[in-house]
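A closer look at the structure
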Amino acid sequence: MSVVAAGSMTANAAAYLLHLPASRWLGPAGYSEFASLLAAQLIIAVPALALQMVIAREVVTSRLAGRDRTPQLRQLGYANAVLVATIAVLLVPVTAAVLNTSLVAAAAALLAAPVLVLLATEQGLLQGQQRFGELAVVLAGAGVARVAPAVVALALGGGPAVALAAAALGAAVAAACANMLVRRGTAVEGDGLVRDSDMRRLSVMTVLRASHIQLAIVVFTSLDLVIARVVFEDTVAGQYALGAVAAKVAFWLPHAVGIVIFPRMANPALTKSAVRFIVVVLAGLGVAMVAGAALLAPIVPFLVGEDYRPIVGLLWLFAAQGAILAILQGILLSAIARDRTAVSFVVWAGLGVEAVLLLTLPLTITSFLIVAICCATGTTGVALATVIASLRR
């Protein structure tokens, strides 16, 4: 877990350090556009998140049966990349209109999604085979490869569109390198596995069932940010976008826990203990991150400028929101591991309540955030109760 945590933290650190130059060099209005498009990119790339977990699950279950499904699983990744590319092309004009951005910037953000699907395919193979050292290398390398070109683009005076396009190019390089690493290290001969030709065929629908769970949690991490751009003027929306970085850090920083524990959750004999473990660990890490956000908040204006001082006192609340959603993600990963997707309807119901409240109530930036936290907390509690009841049955 520590090895994967190091790789994941490197990737997350790189991703969030990108927000420092972006927020300073683009200004609140330009940064709001940049952050909103990154949120949209994450949503359209949901099949990548689901695909990694589905592939990891299928690797675990097939290896328990003494089978090798690597060729089928890689084909599944290619099929999903084509699907995501098609959806991305169709959604470019819609995204540009809803978020009030240029078509070029929207295209640069969304067309990176199929590349992320290909990268997720390789990560899923490594995760399922429990090759955690190599997975850590891929996670860290992909994070740096996506961020470094974007920072260079911003330093040279490029706007959101140029920075997003540079990040997409870096992701493509990372996906190609990950493919070579996985192929070089895969050794089926001699480990007791046989090539699978009789087990059930995998299809895009296999990933779509998991995708609507991943989509629910990704929307939960981004919904308030998108709505803030709609209901607040640009400067306030940009301030909220920077505060949301703390929520994203608290959400993604413990991601390594889910990556490592997921193969245990996919093993029926270990599912119950793995679910208990992940909830307790994520809760403990969440408390630590909230405390860290409160301690570090005063230095934020010195890093990104005085324009963002109004959200300094709220950073611990943003971190609390992210920590709660991290627990929710851990709960939902157990549903993907067991291929039980009913709990996602609980999350979609919570999202509906949050959207209605944030769009209709006359809220300040503080009350807006508190409403989002309350919705996340209530949804997480109901989802946990649902999963516990399912495991008991």
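Preceding this section is the structure that the text describes.
Keep in mind the model is a prediction, meaning the values are calculated, not measured.

Scoring rules and cut-offs
Residues numbered from 1 in each chain as written. Predicted model: local features only at pLDDT ≥ 70, side-chain atom pairs only at ≥ 80, totals over all residues. Heavy atoms only, no water. Axes fitted to C-alpha atoms, helices over the stretch in contact; angles between N-to-C directions. Helix = DSSP H or I, 4+ residues; strand = E, 2+ residues; numbered from the N terminus. Parallel < 35°, antiparallel > 145°, perpendicular 65-115°, else oblique. Left-handed = near helix turned anticlockwise from the far one by under 90°. Contact = heavy atoms within 4.5 Å. Nonpolar A, V, L, I, M, F, W, Y, C, P; charged D, E, K, R; others polar. Phe/Tyr/Trp six-rings, centres within 6.5 Å; stacked < 30°, edge-to-face > 60°. Buried < 20%, exposed > 50% of the residue type's maximum accessible area, 1.4 Å probe, protein only. Core = buried A, V, L, I, M, F, W, Y, C linked by side-chain atoms within 4.5 Å. Expected span 1.5 Å × (residues − 1). Polar contact = N/O pair within 3.5 Å; in protein donor to acceptor, adjacent residues only side chain to side chain.

A few points about the packing of helix H11 (residues 255-265) against helix H12 (residues 271-296)
Interaxial distance between H11 and H12 falls to 9 Å at its minimum, and their mutual angle equals 165 degrees. The orientation of H11 with respect to H12, classified from their angle, is roughly antiparallel. Regarding H11 and H12, the two cross each other, and that crossing is left-handed. Between H11, through Val257, Gly258, Ile261, Arg264 and Met265, and H12, the contact on the second element is made entirely by Thr271, Ser273, Ala274, Val275, Phe277, Ile278, Val281, Leu282 and Leu285. Among the residues forming the contact of H11 with H12, the class breakdown is 10 nonpolar, 3 polar and 1 charged.

Details of the packing of aromatic side chains
Taken as a whole and assessed by the stated rule, the structure comprises 4 aromatic pairs. With 4.7 Å between their ring centres and 85 degrees between their planes, Phe251 and Trp252 make a pair best called edge-to-face. Across this residue pair, the class does not change: Phe251 and Trp252 are buried. Through a chain of ring-to-ring contacts, the aromatic side chains of Phe232, Tyr240, Phe318 and Phe368 assemble into a single cluster.

What to know about the environment of Ser344
Mapping Ser344 onto the fold places it in helix H15 (residues 344-360). For the pair formed by Ser344 and Ala178, sequence separation is 166 residues and the distance between their alpha carbons is 31 Å. Excluding residues within four positions of it along the chain, Ser344 makes contact with His212 and Ile213.

Some remarks on the nonpolar core
Formed by 137 residues in total, the largest nonpolar core has its most connected members in Tyr31 and Met265. No other element matches the 14 residues that helix H14 (residues 315-337) contributes to this core. Apart from the residues lying within four places of it in its own chain, the contact partners of Tyr31 are His19, Ala22, Ser23, Leu26, Gly238, Ala241, Leu242, Val245 and Tyr308. If you look at the next biggest cluster of nonpolar residues, it comprises 6 residues, including Ala250, Met289, Val290 and Ala320.

Things to note about H12
Note that an α-helix has 3.6 residues per turn; residues three or four places apart therefore point the same way. Compared with the 38 Å implied by 1.5 Å per residue over 26 residues, the 37 Å span of H12 between its first and last C-alpha is a close match. Buried residues in H12 make contact with helix H10 (234-252), H11, H14 and helix H16 (365-392).

Overview of the packing of helix H2 (residues 19-44) against helix H7 (residues 132-155)
Where H2 meets H7, the closest approach of the two axes is 12 Å, and the angle between their N-to-C directions is 140 degrees. Considered as vectors, H2 and H7 are oriented oblique to each other. Handedness of the H2/H7 crossing: right-handed. Residues Pro21, Ala22, Trp25, Leu26 and Gln41 of H2 form the contact with H7, whose own contacting residues are Arg146, Val151, Leu154 and Ala155. Of the residues belonging to the contact of H2 with H7, the class tally is 7 nonpolar, 1 polar and 1 charged.

Focus: helix H6 (residues 113-128)
The end-to-end C-alpha separation of H6 is 22 Å, in line with the 22 Å expected for 16 residues at 1.5 Å each. Counted residue by residue, H6 has 15 buried out of 16 residues, so it is predominantly covered.

A look at the environment of Ser367
Its location among the elements puts Ser367 in helix H16. Taking relative accessible area as the criterion, Ser367 reaches 24% and is therefore assigned partly exposed. A distance of 2.8 Å separates a polar atom in the side chain of Ser367 from the backbone nitrogen of Thr364.

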